[in-house]
Amino acid sequence: MRMARSRSGAVPILGFAAEGDAFADSVFRELASSAGWDYLPGIPDSIEHARKAGAIVDGLPRDGHWNSTGHAIAGRVIARYLSVTLPLSGKSSTQRLTTPGWSR
């Protein structure tokens, strides 16, 4: 993590947990902080909320990796975080999310 931080220069690095395990979350949060990364909580909670609402967010029971729905949920959480913490001058959050390279 420190190597990534040193290689990125002034570019912010954002870390997040993909699973909702509280111990792993606290360890990763501490590691990210000590390496100078920003840490974004809440992605596992958003994924779990969607799952409980009936969304299929992964390939379970055979594959626990997120599918396109899971990635879209995580992407929205990350985009919301970035729109608040790294605003682009002169553009609204809607403009930021609809510029080339961004998809909903």
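Residues numbered from 1 in each chain as written. Predicted model: local features only at pLDDT ≥ 70, side-chain atom pairs only at ≥ 80, totals over all residues. Heavy atoms only, no water.

Assigned secondary structure in the protein consists of five helices and four strands. Put simply, the protein has 104 residues, and 26% of those count as buried. Counting every atom, the protein has about 7,200 Å² of accessible surface; 59% of that belongs to carbon and sulfur. (Helix = DSSP H or I, 4+ residues; strand = E, 2+ residues; numbered from the N terminus. Buried < 20%, exposed > 50% of the residue type's maximum accessible area, 1.4 Å probe, protein only. Areas by Shrake-Rupley, 256 points an atom, 1.4 Å probe, with all protein chains shown as cover.)

A complete count under the given rule lists three salt bridges for this structure. Note that Arg29 and Asp25 form a salt bridge whose closest N and O atoms lie 3.2 Å from each other. Linking Arg29 with Asp25, this pair stays in helix α2 (residues 22-34), spanning four residues, or about one helical turn. Under the relative-accessibility criterion, Asp25 is labelled buried at 18%. Salt-bridge contacts for Glu48 lead to Arg51; the nearest nitrogen and oxygen are separated by 2.8 Å. (Salt bridge = Lys/Arg side-chain N within 4 Å of Asp/Glu carboxyl O.)

All right, on to the nonpolar core then. Formed by Leu40, Ile43, Ile47, Ala50, Val57, Trp66, Ile73, Ala74, Val77 and Ile78, the largest nonpolar core amounts to 10 residues. The set of elements that each furnish at least two residues to this core consists of α3 (43-52) and α4 (68-85). Looking at this core element by element, the count peaks at four residues for α4. In contact with Val57, not counting residues within four places along its chain, are Ile47, Ala50, Arg51, His65, Trp66, Asn67, Thr69, Gly70 and Ile73. Counting residues in each nonpolar core, the second largest holds six residues, with Ala17, Ala32, Ala35 and Trp37 among its members. (Core = buried A, V, L, I, M, F, W, Y, C linked by side-chain atoms within 4.5 Å. Contact = heavy atoms within 4.5 Å.)

Bringing the packing of aromatic side chains into the picture now. A complete count under the given rule lists three aromatic pairs for this structure. On the basis of an interplanar angle of 5 degrees and a centroid distance of 6.5 Å, the ring pair of Phe16 and Trp66 is categorised as stacked. Pair noted here: Phe16 is in the loop between β1 (14-15) and α2 and Trp66 is in strand β4 (residues 63-66), with a separation of 50 residues, a long-range link. Residues Phe28 and Trp37 carry aromatic rings whose centres are separated by 6.5 Å and whose planes lie at 85 degrees to one another, so their mutual orientation is edge-to-face. Exposure remark for Phe28: the relative accessible area of 24% places this residue in the partly exposed category. Members of the aromatic cluster, connected to one another through ring pairs, are Phe28, Trp37 and Tyr39. (Phe/Tyr/Trp six-rings, centres within 6.5 Å; stacked < 30°, edge-to-face > 60°.)

Together, Met1, Phe23, Val27 and Leu31 give the surface a local cluster of nonpolar side chains, amounting to about 370 Å² of exposed area. Summarising the element assignment, Leu31 is placed in helix α2. The exposure class of Leu31 is partly exposed, given its relative accessible area of 42%. (Patch = residues over 30% accessible without salt bridge, like charges linked within 9 Å, V, L, I, M, F, W, Y side chains within 5 Å.)

A few words on α4. An ideal rise of 1.5 Å per residue puts 26 Å on 18 residues; α4 measures up with 25 Å between its terminal C-alpha atoms. What α4 keeps buried is the set Gly70, Ile73, Ala74, Val77, Ile78, Ala79 and Ser83. Between the side-chain oxygen of the N-cap and the backbone nitrogen of Thr69 there are 2.9 Å, and the N-cap of α4 in question is Asn67. (Expected span 1.5 Å × (residues − 1). Polar contact = N/O pair within 3.5 Å; in protein donor to acceptor, adjacent residues only side chain to side chain.)

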